[in-house]
Amino acid sequence: MRILVTGGAGFIGSTTAELLLDLGHDVVVLDSLVTGSRDNVPTRATFVHGDCGDVDLVGSLGALDACIHFAGLIEPRASMKYPERFFANNVASSLRLFDALVGIHVPKVVFSSSCAVYGDQDAMPISEDRPVAPLSPYGRSKRMVEETLEWLATLGRIRAASLRYFNAAGATLAHPEAHQPEGHLIPVALDVAAGRRGHLDVYGTDFPTPDGTCVRDYIHVSDLAAAHVAAIGALDGHDELILNLGSETGSSNRDVINAVERVTGVTLDVRYVARRAGDPAAAVASSARAREVLGWRPERSDLEVVVADAWAARQQISR
Ligand SMILES: NC(=O)c1ccc[n+]([C@@H]2O[C@H](COP(=O)([O-])OP(=O)(O)OC[C@H]3O[C@@H](n4cnc5c(N)ncnc54)[C@H](O)[C@@H]3O)[C@@H](O)[C@H]2O)c1
């Protein structure tokens with residue numbers, strides 16, 4: 001198949017593009033490099049520099065069998081400050097992308113949605129049947145794109161899978177997690193272990209969780225990549241899919257710190273500070289629907305493996 005990967009210069013997009021290439025597909029990466037890096041694009045892929053909302057550019061890419069749409073701004077906290085940037089980049093550009101894809105008869109799209117659509121839920125694990133209640137413009141932008149895809153699928157214009165990832169983590173050696181700026185707990189903790197940062201701030205110790213720190217569900221980026229490949233296949237039998245992708249295991253911030261200390265052998269300088277507004281206490285997936293529909297299960301999402309893989313990849317970054 002010939003597959004368009006928007007955002008393929010980023011963390012999850014580059015890892016998925018690499019897997020698609022390994023499986024023998026042709027991959028076109030379209031990325032504006034607003035946060036991604038050209039070096040991260042697999043050398044075997046065709047790279048097109050541009051915005052995914054550039055209708056003429058997308059229309060000129062030639063025949064495509066599917067699009068995996070990773071491109072987007074990803075920081076919920078930045079979206080609280082600059083909502084207009086998030087709606088412009090994550091929603092308006094996506095709508096123009098879908099217009100272009102329908103125009104050139106691309107039959108399938110797989111979209112990077114997020115557990116941020118659920119907001120703060122009381123009971124874990126979270127299944128897809130829970131009402132959505134995003135707390136940030138970022139989460140709302142994801143839901144707006146999902147809704148657009150639901151309509152396009154209902155109208156028979158494109159088959160669409162929205163994959164709601166929980167916390168993407170781990171890494172392959174070729175594509176370490178290196179967001180710009182980096183706000184994710186595991187890479188920041190690993191940077192402290194490597195001496196690239198002085199200390200680690202942990203936000204909140206008074207959450208209603210077993211140890212008082214936030215609980216998250218870390219899913220290995222390799223498992224996410226595999227789910228995207230499976231979703232393209234599953235759309236042969238479904239017009240529309242909404243699926244959670246998580247490990248179904250909750251890990252607190254303290255669990256992550258303990259795992260980082262075990263893997264690296266370094267005791268971290270951790271500073272416990274006040275909660276940040278908008279951080280849900282817990283977010284743990286039920287991925288039962290993805291397991292059933294995709295025939296998929298996480299293979300590398302045990303926390304110790306996630307941290308060890310992230311550490312191996314991150315040690316290659318020289319700064
Ligand atoms: N990292 C996570 O834990 C997580 C969780 C849930 C959902 N997601 C979603 O997964 C997707 C990929 O996340 P990531 O962690 O790889 O982020 P990333 O920042 O590493 O990658 C995003 C890529 O999209 C590109 N991009 C942004 N806007 C663009 C546009 N308008 N046109 C073309 N390219 C554009 C950036 O340059 C970057 O290369 C995002 O949509 C994100 O919201 C990520």
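Thresholds, definitions, all that
- Residues numbered from 1 in each chain as written.
- Predicted model: local features only at pLDDT ≥ 70, side-chain atom pairs only at ≥ 80, totals over all residues.
- Heavy atoms only, no water.
- Pairing = 2+ DSSP bridges.
- Helix = DSSP H or I, 4+ residues; strand = E, 2+ residues; numbered from the N terminus.
- Axes fitted to C-alpha atoms, helices over the stretch in contact; angles between N-to-C directions.
- Contact = heavy atoms within 4.5 Å.
- Parallel < 35°, antiparallel > 145°, perpendicular 65-115°, else oblique.
- Left-handed = near helix turned anticlockwise from the far one by under 90°.
- Buried < 20%, exposed > 50% of the residue type's maximum accessible area, 1.4 Å probe, protein only.

1. With respect to the sheet that holds strand 11 (residues 240-245)
- Strand order in the open sheet made by the 7 strands is 3-2-1-4-5-6-11, with parallel pairing throughout. Of all the strands in the sheet, the pair left with one neighbour each is strand 3 (46-49) and strand 11. Neighbour to neighbour, the strand axes of the sheet diverge by 20 degrees on average, direction disregarded.
- Both strand 1 (residues 2-6) and strand 2 (residues 26-31) contribute to a ladder of 5 bridges, which runs parallel. Looking across to strand 2, one finds that Arg2 is bridged to Asp26.
- Seen against the sheet, helix 4 (residues 83-103) touches strand 1, strand 4 (66-69) and strand 5 (108-114) and runs at an angle of roughly 175 degrees to strand 4.
- Lying on the sheet, helix 7 (residues 221-234) is in contact with strand 1, strand 4, strand 5, strand 6 (159-165) and strand 11; it crosses strand 6 at an angle near 160 degrees.

2. Quick word on the packing of helix 4 against helix 5 (residues 137-154)
- It is the contact of helix 4 with helix 5, at a shortest axis distance of 9 Å, that shows an interaxial angle of 15 degrees. As judged from the angle between their axes, helix 4 and helix 5 are roughly parallel. Considering how the two elements wind past one another, helix 4 and helix 5 form a crossing that is right-handed. Along the contact surface, helix 4 presents Pro83, Phe86, Phe87, Asn90, Val91, Ser94, Leu95 and Phe98, while helix 5 presents Pro137, Tyr138, Arg140, Ser141, Met144, Val145, Thr148, Leu149 and Leu152.

3. Re the environment of Phe111
- Relative to the helices and strands, Phe111 is located in strand 5.
- Phe111 sits in the buried class, given a relative accessible area of 2%.
- A C-alpha to C-alpha distance of 9.2 Å links Phe111 and Ala71, two positions 40 residues apart in sequence.
- In this view, Phe111 contacts His69, Lys142, Val145, Glu146, Leu149, Ala161, Ser162 and Leu163; residues no more than four positions away in its chain are not counted.

Just geometry here; none of it tells us what the structure is for.
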